[in-house]
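A structural walkthrough
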Amino acid sequence: MRQRHLGLLAALVAATLVAPAAVEARSSVPSFDHIYVIVLENHSYASIVGNPKAPYLNKLIERNGLAKRYYGVAHPSQPNYLALFAGSTFGIRDDGVHNLSRTNLVNQLAGHGRSWHVYAQGLPSECATVARSWSGVDLVGAAGYYVRKHEPAISFTNISSRPARCAKITRLETFDPAAADFELVVPNQTNDMHDGTVAQGDAFLEAFVPRITDSAAFANSLLVITFDEGSTDAYGGGRVATVVISPHTKAGTRSKVHHDHYALLRTIERAWHLGCMRNSCGAGDIREFFNR
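Residues numbered from 1 in each chain as written. Predicted model: local features only at pLDDT ≥ 70, side-chain atom pairs only at ≥ 80, totals over all residues. Heavy atoms only, no water.

Looking only at helices and strands, the chain features eleven helices and eleven strands. Taking 19 Å as the expected radius of gyration for a compact globule of 292 residues, we find that the chain reaches 20 Å, a close match to that expectation. Here the chain holds 292 residues, and 54% of them are scored as buried. A separation threshold of at least 6 residues defines the contact pool for the chain, and within that pool the share at least 24 residues apart is 74%. When the accessible surface of the chain is totalled, it reaches about 12000 Å², and 54% of it is carbon and sulfur. (Helix = DSSP H or I, 4+ residues; strand = E, 2+ residues; numbered from the N terminus. Rg over C-alpha atoms; globule rule 2.2 N^0.38 Å. Buried < 20%, exposed > 50% of the residue type's maximum accessible area, 1.4 Å probe, protein only. Contact = heavy atoms within 4.5 Å. Areas by Shrake-Rupley, 256 points an atom, 1.4 Å probe, with all protein chains shown as cover.)

Written as structure tokens, this is what we have:
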């Protein structure tokens, strides 16, 4: 009798325990064909949303989803890119050159048979490790500086020291919306609004975004346009505008859920069952945008 009770108890315990993979399998984040992320620079939510100098971006906001409580995680720029790409700032609080021997999104993607590509506008050469380089017009937008601090992949030695991997970091003129599962787009410092104006950044988006959204590759995909940091210290990096664009997102969707760059990384991980890394493990995802 005792053995029977023990067996029943074991069965009940087993029924309540769900493997992590099974938990992720129930996620409401779609299994996107492609995920695209464009990161802009140094503007708060209030300086973008409703700004008449950004008519195209505000049209995207009107017709798609907007995260109304999305925050950067730190200042200055670089730690925000590291957070988005690897789930941690690694204690970095500057825009200097860093070479990190740490796992990152590329490791996750490669481990699950997923492809990736980084398009860095104005990149001077394949596998370049320079901190800064001027370039003329690269595909669309204005001329400007490529800066390493805004391109997180090159800061990881398991990418920079492996030619086959760092060859996946290329100039924007090579852009192909169907080239990889995950594609990170890093505009130059004029077109990302860092050195340039809001109007220049908006013009860049108007020229570039349709190359994604009008492509056949976007039929079951996700584009997120966000900013690295805002103008305050709220939640570490200040409130920023983050636009969610997908066939799975109903026009006019608005979210007041607190999100940050770790939540965006978690969304990518959940879409493709990649597991989690560091601070992304405790972050929510942006699933409320995908209930269409």
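Still more to cover.
Moving on: the nonpolar core. Among the nonpolar cores identified, the biggest contains 78 residues, and Ile38, Phe182 and Ile225 are the most heavily contacted of them. Considering each element in turn, this core owes the most residues, six residues, to strand β1 (residues 35-40). Filtering out sequence-adjacent residues up to four positions away, phenylalanine 182 remains in contact with Ile35, Val37, Phe85, Leu105, Leu109, Ser115, Trp116, His117, Ile268 and Trp272. (Core = buried A, V, L, I, M, F, W, Y, C linked by side-chain atoms within 4.5 Å.)

Turning to the packing of aromatic side chains, a few remarks are in order. The final tally for this structure, using the stated rule, is nine aromatic pairs. Residues tryptophan 134 and tyrosine 145 carry aromatic rings whose centres are separated by 5.0 Å and whose planes lie at 75° to one another, so their mutual orientation is edge-to-face. Linking tryptophan 134 in strand β4 (residues 132-135) with tyrosine 145 in strand β5 (residues 144-147), this pair joins segments that are eleven residues apart in sequence. By relative accessible area, which is 51% here, tryptophan 134 ends up exposed. Since its relative accessible area comes to 27%, tyrosine 145 is described here as partly exposed. Centroid distance phenylalanine 175 to phenylalanine 208: 4.8 Å. Interplanar angle 65°. Geometry classified as edge-to-face. A residue pair is termed long-range when its members are at least 10 positions apart, and phenylalanine 175 in the loop between β6 (169-170) and β7 (182-186) and phenylalanine 208 in helix α9 (residues 198-208) qualify at 33 residues. Taking relative accessible area as the criterion, phenylalanine 175 reaches 13% and is therefore assigned buried. Here a set of aromatic residues connected by ring pairs shows up, and it is made of Tyr119, Phe175, Phe204 and Phe208. Its end group placed over the ring of tyrosine 145, arginine 132 keeps NZ or CZ at 3.6 Å from the ring centre. (Phe/Tyr/Trp six-rings, centres within 6.5 Å; stacked < 30°, edge-to-face > 60°. Lys NZ or Arg CZ within 6 Å of the ring centre and 35° of its normal.)

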